[in-house]
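# Overview (structure and organization)
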Amino acid sequence: MKKSFRTTILLVLVLAGMVAWYLVYEKRVRPDQAKAEEQAKQLVSLKQDDIQYLTIERQEAGVAKPVVLKFKRTGTDWGMMEPVVDAGNNANLTALLTTLTSTKYDRIVEDNAKDLKTYGLATPFLKVTVSKDTSSPGETVLIGDDTPVGSAIYAKTTKNETVYKMPAAFKSSLNRKEIELRNRKIVSFPRTEITEIDIQK
């Protein structure tokens, strides 16, 4: 009888331990690990709301020097600093940064690439740099060639020589021209504030 009682107590303790392990590991530790692994697949560690400066360098065919676009955020509004000083297109710039800070790589192509020319990354087609402020080091993403098979592209950061396979949409979302990132509105105030229109012929 005593042996049976001890066995029952032991089984209860084992069950309690398994339940405690499940509640702690499966419900807390494992989700945190999975989240950390997914975040590690993002090429940029900066949060979108922390980014204050953005630089886009595009290498166009037949042009010796890359086309450079520079932007600075003041409050919630973006302004273009180069090649001209103008208001930025907040919607398009926000969409670009959302893609940059949230897209994850599909897989690692080469961990320590010796020949970046193979991937079009020695002279990248596109270079995007973001930073929090002028004193903080920026984070740069390089966009290279399309992969031979599938809808994907090669990319890397300047932190290491690892080459990643990224969705093709990553490249198209970052490859925005000046006219798309400038504020093209003729007037700056909203339509609801217009009370009078004067047309002169």
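Going by the structure above, here's the rest.
The following refers to the structure shown. Just so we're clear, the structure is a prediction, and the values are computed from it rather than from any experiment.

### Thoughts on the overall build of the protein
- Helices and strands together make up the secondary structure of the protein, namely 4 helices and 9 strands.
- Helices (α) and strands (β) of the protein occur, in sequence order from the N terminus, as α-β-β-β-β-α-β-β-β-β-β-α-α.
- Sorting the 201 residues of the protein into buried and exposed places 28% on the buried side.
- Expressed as a percentage of contacts within the protein between residues at least 6 apart in sequence, the contacts between residues at least 24 apart total 57%.
- Total accessible area on the protein stands at roughly 13,800 Å², and carbon and sulfur atoms take up 54% of it.

### Things to note about the sheet that holds strand 9 (residues 163-167)
- Judged by pairing direction, the sheet is antiparallel, and its 9 strands sit side by side in the order 4-3-2-1-6-7-8-9-5 without closing on themselves. Edge strands, defined here as strands with exactly one partner in the open sheet, are strand 4 (86-87) and strand 5 (107-110).
- As judged from the 2 bridges shared by strand 3 (residues 77-82) and strand 4, these two strands associate in the antiparallel manner. Its bridge partner being in strand 4, Met-80 is matched across the sheet by Asp-86.

### Details of the side chain of Lys-156
- Counting through the fold element by element, Lys-156 comes out in strand 8 (residues 152-157).
- Of the polar contacts made by the side chain of Lys-156, one reaches the backbone oxygen of Asn-160; its length is 3.0 Å.
- Beyond its immediate sequence surroundings of up to four residues, Lys-156 is in contact with Leu-116, Leu-121, Thr-140, Val-141, Leu-142, Glu-161, Thr-162, Val-163 and Tyr-164.

### Comments concerning the pairing of strand 6 (residues 126-131)
- Where strand 1 (residues 53-58) lies against strand 6, 6 bridges are found, and the strand directions are antiparallel. Paired with Arg-58 across the bridge in strand 6 is Leu-126.
- Where strand 6 lies against strand 7 (residues 139-146), 5 bridges are found, and the strand directions are antiparallel. Counterpart to Thr-129 in the pairing with strand 7 is Thr-140.

### A look at the environment of Ile-143
- Note that Ile-143 resides in strand 7.
- Looking at Ile-143, the relative accessible area reads 0%, which means it is buried.
- Along the sequence, Ile-143 and Val-128 sit 15 residues apart, while their C-alpha atoms lie 8.4 Å from each other.

### Quick look at a nonpolar patch on the surface
- Taken together, the side chains of Leu-15, Val-19, Tyr-22 and Leu-23 make up a nonpolar region of the molecular surface, amounting to roughly 380 Å² of accessible area.
- Classification of Leu-15 by relative accessible area gives exposed; the value is 53%.

### Things to note about the nonpolar core
- Within the largest apolar cluster, 27 residues are counted, with the highest numbers of intra-cluster contacts made by Leu-54, Phe-71, Leu-100 and Phe-170.
- Per element, the largest residue contribution to this core is 4 residues, and it comes from helix 2 (residues 90-102).
- Contacts of Phe-170, omitting those with residues within four sequence positions, involve Leu-43, Thr-99, Leu-100, Thr-103, Val-141, Ile-143 and Ile-153.

### A look at the pairing of strand 3
- Sheet topology note: the strand 2 (residues 67-74)/strand 3 ladder contains 5 bridges and is antiparallel. Residue pairing in the sheet places Lys-72 in a bridge with Gly-79 of strand 3.
- Linking strand 2 to strand 3, which pair antiparallel, is a turn of 2 residues; within it Gly-75 sits at a positive phi near 70°.
- If you look at the hairpin formed by strand 3 and strand 4, you'll find 3 residues sitting between the two strands.

About the cut-offs
Residues numbered from 1 in each chain as written. Predicted model: local features only at pLDDT ≥ 70, side-chain atom pairs only at ≥ 80, totals over all residues. Heavy atoms only, no water. Helix = DSSP H or I, 4+ residues; strand = E, 2+ residues; numbered from the N terminus. Buried < 20%, exposed > 50% of the residue type's maximum accessible area, 1.4 Å probe, protein only. Contact = heavy atoms within 4.5 Å. Areas by Shrake-Rupley, 256 points an atom, 1.4 Å probe, with all protein chains shown as cover. Pairing = 2+ DSSP bridges. Polar contact = N/O pair within 3.5 Å; in protein donor to acceptor, adjacent residues only side chain to side chain. Patch = residues over 30% accessible without salt bridge, like charges linked within 9 Å, V, L, I, M, F, W, Y side chains within 5 Å. Salt bridge = Lys/Arg side-chain N within 4 Å of Asp/Glu carboxyl O. Core = buried A, V, L, I, M, F, W, Y, C linked by side-chain atoms within 4.5 Å.

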